[in-house]
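# Geometric and topological summary
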Amino acid sequence: MQEGTDSELKAEDDRIYSMKKQLFFVNGDWRQEVGKDPIMPFDDREVQSEYLGNRTPLNLASFWLVDIDHAHRSKKSLSVSGFMVMGITIDGSFMDYGYQGTPEFRMWRSHSQMTISFQGIYTESKKNGGERVMCLLGSTMLPSREPDSAYPWEWLKASDSSNQPPLSQDDQILLVLHFPVTFNLTSRAIRGELRSLNPKSNSKYFDEVHILSQLGKSAMYEFGSEKIVSRACDPYPYDDSLVYGGTSNYKGHTICEILKEVARDQAFTVVPNWRCNGTDEFCSKLGPFVTDKEIKESDGSFKGVKLYMQEIMCEQKASGGNATSARVSAVFRAVSPMENLYTAAKRSGLNNMTVAAEGIWKSTSGQLCMVGCLGLVDVEGSRCNTRVCLYVPTSFSIKQRSILYGSFSSINNTGSSYFPLSFEKLVQPSELWNYFSVSSPNYKYTKISSAAVVLEKNEPFSVGTVIKKSLLSFPKLEDTEAFELSLSVLSEDLTLHVSAFPDPIPKLQPPKVDVQMEILSVGPLFGRYWSPQNGSTAQEETPYHTKSEYTEKQLLLNVSAQLTITGKAYSSLSVLYLEGLYDPHVGKMYLVGCRDVRASWKILYESMDLEAGLDCLVEMVVSYPPTTSRWLVNPAARISIASQRTEDDPLYFSTVKLQTLPIMYRKQREDILSRRGIEGILRVLTLSLAICGILSQLFYIRYNVDSVPYMSLVMLGIQAIGYSIPLVTGAEALFKKLATESYETTTYGLDDSQWFRILDYTVKLLLMASLLLTLRLCQKVWKSRIRLLAQTPLEPHRVPNDKRVLMTTSAIHLIGYVMVLVVHSMRTGQRSIRTKSYTIAREDSRGLWEWETELEEYVGLVQDFFLLPQMIGNLVWQIDCKPLRKLYFIGITLVRLFPHIYDYVRAPSLNPYFAEEYEFVNPGLDFYSKFGDIAIPITAILLAVVVYVQQRWNYETLSKMLTFGQCRLLPSGSRMYERLPSSSKAFEAELVSGVNENARQENDKENDDVE
């Protein structure tokens, strides 16, 4: 700095005490002069990866003051200290690190950052209209360079991303920062130079770095560039030819709040130059911005290009009467498709992709007219040759869906070098409450007649439609609600925020598709019902069915919506503006769509049937699930989108059909009995039936003592294990709760409700009772065999034994389990699903190996076939009695089969993105697939029939019946397990509970006398 240019620092100057709040910047730009000595390396080996999406690395720098020494100040300077974080990043995480100010260097793939601590002086200068200057000396850890190499970071090629590079300390770093004293349109840039004080021969030397940022909201902006603003806005309002015809604009008293709310970290969409008719260079330009290669290659479609409105400063004042006016300043930043949007929204550097603007807004016209200055601006504003016009519309239609729209146009007297560039911010219904607290927005329907044609084509008269209308109920206006509230609730029910998959489901696992369908208006209600401004108090309290316009014509409702589909396969349908009719009797929406076409400007201009640059030859049908019989009907919506163009049209697309994951309506979320509650009740009922069957068997064996030893202990053990597993592991019994991302009842706070707790406790008590009663049966069978063995100690082989039954049953199930593993691996291989592991969608979301998952599934199959050991035992023991009561084995069979019947009857809630939907009853695997739901019950019923036949006719009779000539299906009868006579009253008394010990001793004495 030259002598005489420094200003004296006055003690009473408030700026000295607010330096920390004003003298900083975040995410400014830096560039290094081209040379042989770069300051830091960057690992770009993942730049071209699919995860990072081929993004462009950004050079960012941030600076903060840490301490100001007021005690040792001089007339013209202050001692200060601070730190700067600079780096190269792709992943957008730069500003989350480095705030501690410790000198260091860190790097990983796609990210490098360096923290430099500084100490120095602060002074003020009169140069360039007044500057606040800091001259600082810094220290950091520099990454080491190879001295004699064309590539200075040779170690980077061989290093792993987790290894840090060799570092060396450097305290010879000079940073000079220039902050403007005044903050206005032409004076807002923060400039800096970072230099190495080491000689060029030193390995720590690096080429000079230039830093560029701007003052932010912490500084006081000074409006006063009226002369420059008049270039674009005199006379006011500007006659803007790009304004939407027939659109009403906001003219209220809160324009500043609306602008800040609309633009806060929000990316605006750049509209293609569909009206341009000129040279390719003229029509492909992104307005006043100097674009990069990626934007130029879009050929005027500007696909993926976004625009941010940053650093908004707004002052509003009354202009006389009810009129108001406002002065507005902002910075518009264009963002390349290759740039991280999160990082771009936080950037503060000024360059050829930024336009600083200032202008005026008046309520008389609703137009915000601004003059724009590209990049760095001098005091004279020589680069301020752009006009920016902005509007906040309050009327909407299928072709006008913007909550804010505007344009950039040239005011260069020598002729425009680019076609006016339009941009917009699409409206969301939830945002209307924030934006319009006084003025009421409205929607104008223009495509209802076209939607009626879609309805006639897609809804022919049929018997099924009549039955559907009479039996099922779909989202509709509630008679008991106020009119506006009914419309608002219906709008919420018709809104979709859910994942979807192709319909029908392809063999290969489909890529995930996110569907966002916002309902903008239903009938006369636009947005959501939030205040009495939508109608009078008397009107709000009037049910809809008493209104004249709905008493005669309640069949169809006008609707408008906006559909967003994310997924590579649906890039041509990324955004659809929809309007049409909703039929609440069948739950279908018939819509006409306008598509945001991202084609080159030539195709758009030559397509004469475009409406406001939109392809409106699109039809769409949405089918909603019923609100009733939810557990019997698949609660998923279906979407069909078709183009009305011919296949040779460049704007034609193939028909798209999607099915969503399960959805839930508002009423169902609040008070409907959920599927988990239904399944809880079914568990209680089925377990109660099982207990009744076990009790009936206990009463049965009191009067059929001779047949007790012929009950299979393996069969009883399988049942006991089945009852004990839920008690030990906490798993659900019989039915398994559904666990998908959009249908989990716990999402709505139902998991902790008293109702579900009562159901859970009831199920646990019934499980405990079932287990104890089954163990009681085991005890009686075990004791009966002991007494029978005591009765014939020399013939133990005549006493029924489960050893052969257990071996045979185990062998059968082992073979079956191996076959299931083989078949399942073949199925999953065909579906291209990873065979390493499945992720079970349960509360703890733990992973299981494939064989573990199949084993858990197979345990349920073993319980379904609980009669298999009894059937084997009846053959081995050649029974001539009835060990099982019909009510017992038929009842337990029905209990085990009911989950399969239930799963088959109700529509499946498909979720192809989860490996399992159930913890145990899993339709995604083999046992609870549709085939399994048929095959398993049939097999279990056959087992019950075989057991019934074995008990109905004795073994000898069956052997004769199954003899065909010389061929015998059963071997000849044997006397090995011939039933022993039971004349002992003591044996009978032992099995009959309630007989005391004295009676037993008397019977024994009588037997001794007889002998």
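For the structure, see preceding data.
As a starting point, this report considers the structure included with it. (Residues numbered from 1 in each chain as written. Predicted model: local features only at pLDDT ≥ 70, side-chain atom pairs only at ≥ 80, totals over all residues. Heavy atoms only, no water.)

### Concerning the environment of Ala-344
In this fold, Ala-344 is placed in helix α7 (residues 341–346). Accessibility expressed as a relative area gives 0% for Ala-344, which makes it buried. With 286 residues separating them along the chain, Ala-344 and Leu-58 place their C-alpha atoms 9.3 Å apart. Sequence-distant contacts of Ala-344, that is, excluding residues within four places in its chain, are made with Tyr-308, Gln-310, Arg-333, Val-335 and Glu-339. (Helix = DSSP H or I, 4+ residues; strand = E, 2+ residues; numbered from the N terminus. Buried < 20%, exposed > 50% of the residue type's maximum accessible area, 1.4 Å probe, protein only. Contact = heavy atoms within 4.5 Å.)

### A look at the environment of Trp-155
Residue placement: Trp-155 occurs in helix α2 (residues 154–158). Excluding anything up to four places from it in sequence, Trp-155 contacts Pro-41, Met-107, Pro-143, Ser-144, Glu-146, Pro-165 and Pro-166.

### Some remarks on the state of the cysteines
All chains considered together, the criterion is met by five disulfides. Bridging Cys-373 to Cys-384, the disulfide has an S-S length of 1.9 Å. One quick way to see it: the torsion about the S-S bond of Cys-373 and Cys-384 is about 100°, and its sign makes the bridge right-handed. Of this pair, Cys-373 sits in strand β15 (residues 368–374) while Cys-384 sits in the loop between β15 and β16 (386–391); the two residues are 11 residues apart in sequence, bridging distant segments of the chain. Classification of Cys-373 as buried rests on a relative accessible area of 0%. Each disulfide pairs two cysteine sulfurs, and for Cys-594 the partner residue is Cys-616, the sulfurs being separated by 1.9 Å. Because the sign of the S-S torsion sets the handedness, a value of about 105° for the bond joining Cys-594 and Cys-616 places this disulfide among the right-handed ones. Here Cys-594, found in strand β26 (residues 588–596), pairs with Cys-616, found in strand β27 (residues 614–623); they are 22 residues apart in sequence, far enough to count as distant. Judged on exposure class, the residue Cys-594 and its partner Cys-616 are both buried. What links to what in the protein: the bonded cysteines, counted in sequence order, pair as 1-6, 2-5, 3-4, 7-8, 9-10. (Disulfide = S-S within 2.5 Å.)

### Regarding the sheet that holds β15
The strand order around the closed barrel built from eight strands is β11-β12-β13-β14-β15-β16-β18-β19, with neighbouring strands paired in antiparallel fashion. Sheet twist, expressed as the mean angle between neighbouring strand axes with direction ignored, is 30°. With six bridges joining them, strand β18 (residues 402–410) and strand β19 (residues 421–426) adopt antiparallel strand pairing. Its bridge partner lying in β19, Tyr-405 is registered against Glu-424. Contacts between helix α3 (residues 226–233) and the sheet are confined to β13 (323–335), β14 (354–362), β15 and β16, with β15 contributing the most and set at about 110° to the helix. (Pairing = 2+ DSSP bridges. Axes fitted to C-alpha atoms, helices over the stretch in contact; angles between N-to-C directions.)

### Focus: the side chain of Asn-184
Here Asn-184 shows up in the loop between β8 (167–180) and β9 (189–196). Discounting chain neighbours no more than four positions away, the residues touching Asn-184 are Tyr-221 and Glu-222.

### Examining the environment of Ser-62
Along the chain, the position of Ser-62 falls in strand β3 (residues 58–69). The class of Ser-62 is buried, set by a relative accessible area of 2%. When the C-alpha positions of Ser-62 and Phe-25 are compared, they lie 5.5 Å apart, and in sequence the two are 37 residues distant. Looking at Ser-62, its side chain comes within polar contact range of the main-chain nitrogen of Asn-27, at 2.8 Å. (Polar contact = N/O pair within 3.5 Å; in protein donor to acceptor, adjacent residues only side chain to side chain.)

### A few points about a nonpolar patch on the surface
Taken together, the side chains of Leu-814, Val-818, Val-822 and Met-826 make up a nonpolar region of the molecular surface, amounting to roughly 380 Å² of accessible area. With respect to the element layout, Val-818 can be found in helix α19 (residues 803–830). With relative accessibility at 44%, the residue Val-818 sits in the partly exposed group. (Patch = residues over 30% accessible without salt bridge, like charges linked within 9 Å, V, L, I, M, F, W, Y side chains within 5 Å. Areas by Shrake-Rupley, 256 points an atom, 1.4 Å probe, with all protein chains shown as cover. Salt bridge = Lys/Arg side-chain N within 4 Å of Asp/Glu carboxyl O.)

### Quick look at the nonpolar core
By size, the foremost hydrophobic cluster in this structure holds 60 residues, and its most contacted members are Ile-39, Met-86, Met-134 and Leu-194. With five residues, the top contributor of residues to this core is strand β4 (residues 78–89). (Core = buried A, V, L, I, M, F, W, Y, C linked by side-chain atoms within 4.5 Å.)

### Quick word on the packing of aromatic side chains
Here a ring pair, both rings aromatic, is described through the centre-centre distance and the interplanar angle of the planes. Summed over the entire model, instances satisfying the criterion amount to 16 aromatic pairs. Geometrically, the ring pair formed by Phe-25 and Phe-63 is stacked, given 6.2 Å between the ring centres and 25° between the ring planes. Of this pair, Phe-25 sits in strand β2 (residues 25–32) while Phe-63 sits in strand β3, and the two are 38 residues apart along the sequence. In this structure Phe-63 comes out as buried when scored by relative accessible area, which is 0%. Aromatic rings pair up to connect Phe-268, Phe-289, Phe-332, Phe-408 and Phe-423 into one cluster. Taking the ring centre of Tyr-238 as reference, the NZ or CZ of Arg-387 above it sits at 3.8 Å. (Phe/Tyr/Trp six-rings, centres within 6.5 Å; stacked < 30°, edge-to-face > 60°. Lys NZ or Arg CZ within 6 Å of the ring centre and 35° of its normal.)

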